[in-house]
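What follows is the residue order along each chain.
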Amino acid sequence: MASALRGAILGHVRVPIRTLDRSRSLTCLQTSIRSMSSHGDDHLTREEVVDRVLDVVKSFPKVDPAKVTPDVHFQTDLGLDSLDNVEIVMALEEEFKLEIPDKEADQIVSCPLAIEYIAAHPMAS
């Protein structure tokens, strides 16, 4: 029934078609792609990522900021549980304006892993 309805509607809809100048279209497309790329000058340096990851972990309520280093493990070194780990990953997502899939978020259990993931992520900002 849906295909019959679709055919009936498309039979009555008229869309004007215009030809495009291919060279102009390609230039516009390349410009659009280039301007949307996150690999430009705004990409984060590793040092920026390290500093911001450490700041996020240090600001977590259950963490002693004096214990936080670039090599710290969330559960082993800071005594956090798995729920705390999830909250830290969520705070990192918010800080760097990115979404980390659950499967990958479960693997981020230390500062080195968080730093590596975020530094390699093309959309981190």
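Refer to the structure above for everything that follows.
Position numbers for residues start from 1 in each chain and track the written sequence from start to end. Predicted model: local features are reported for residues with pLDDT of at least 70 only, side-chain atom pairs are reported and counted for 80 or more only, and whole-chain, interface and lining totals are derived from all residues. Only hydrogens and water are set aside; all other atoms, that is, all heavy atoms of the structure, feed into the side-chain values.

Q: Which residues make up helix 3 (residues 46-58), and what values do they have?
A: A run of H or I in DSSP counts as a helix once it spans at least four residues, and a run of E counts as a strand once it spans at least two, with each numbered from the N terminus. Between the first and last residue of a helix there are one fewer steps than residues, each counted as 1.5 Å, and that sum is the expected span. Compared with the 18 Å implied by 1.5 Å per residue over 13 residues, the 18 Å span of helix 3 between its first and last C-alpha is a close match. Among the residues of helix 3, those classed as buried are Val49, Val50, Val53, Leu54, Val56 and Val57. An end-on view of helix 3 places all buried positions within 160 degrees of arc, on one side of the element. Buried residues in helix 3 make contact with helix 4 (82-96) and helix 6 (111-120). Each residue gets one of three labels from its accessible area relative to the maximum for its type: buried under 20%, exposed over 50%, partly exposed in between, using a 1.4 Å probe on protein chains only. Directions drawn from the helix axis to the C-beta atoms are what define this arc. What makes two residues a contact is simply this: any of their non-hydrogen atoms within 4.5 Å.

Q: How would you summarise a negative patch on the surface if you had to cite specific residues and measurements?
A: Only residues above 30% relative accessible area that lack a salt bridge enter a patch, with like-charged residues linked at up to 9 Å and the nonpolar side chains Val, Leu, Ile, Met, Phe, Trp and Tyr linked at up to 5 Å. Calculation of accessible area relied on Shrake-Rupley with a 1.4 Å probe; when residues are assessed, cover is drawn exclusively from the protein chains displayed. We define a salt bridge as a side-chain nitrogen of Lys or Arg found within 4 Å of a carboxyl oxygen belonging to Asp or Glu. Positive residues here are Lys and Arg, negative ones are Asp and Glu, while His and the chain termini are left out of the count. Throughout, a charge is located at the NZ atom of Lys, the CZ atom of Arg, the CG atom of Asp or the CD atom of Glu. On the surface, Glu47, Glu48, Asp51 and Asp55 cluster together to form a negatively charged patch. Along the chain, the position of glutamate 48 falls in helix 3.

Q: An account of unusual backbone geometry is requested, with residue identities and associated values reported.
A: Positive phi, normally seen in glycine, also occurs at lysine 97, with a value near 55 degrees. Locating lysine 97 in the fold gives a position in the loop between helix 4 and helix 5 (102-105).

Q: Account for the packing of helix 3 against helix 6, naming residues and giving values.
A: To get an axis, a line is fitted to the C-alpha atoms, and for a helix only the part in contact is used. The angle between two axes follows their N-to-C directions and goes from 0 to 180 degrees. The geometry of helix 3 relative to helix 6 is characterised by a closest axis approach of 9 Å and an angle of 135 degrees between their N-to-C directions. With respect to each other, helix 3 and helix 6 are oriented oblique. Helix 3 and helix 6 meet at a crossing whose hand is right-handed. In this structure, helix 3 contributes Arg46, Val49, Val50, Val53, Leu54 and Val57 to the contact, and helix 6 contributes Cys111, Ala114, Ile115, Glu116, Ile118 and Ala119. The nonpolar class holds Ala, Val, Leu, Ile, Met, Phe, Trp, Tyr, Cys and Pro. Asp, Glu, Lys and Arg form the charged class, and all remaining residues, Gly among them, are polar. The class makeup of the residues in the contact of helix 3 with helix 6 is 10 nonpolar, no polar and 2 charged. Orientation categories follow fixed angle ranges, with anything under 35 degrees roughly parallel, anything over 145 roughly antiparallel, 65 to 115 roughly perpendicular, and all other angles oblique. We call a crossing left-handed when the near helix sits turned anticlockwise from the far one by less than a right angle, and right-handed when that turn is clockwise.

Q: Summarise a nonpolar patch on the surface; cite the residues concerned and give the values.
A: On the surface, Leu83, Val86 and Met90 cluster together to form a nonpolar patch covering roughly 280 Å² of accessible area. Looking at the secondary structure, you find leucine 83 in helix 4.

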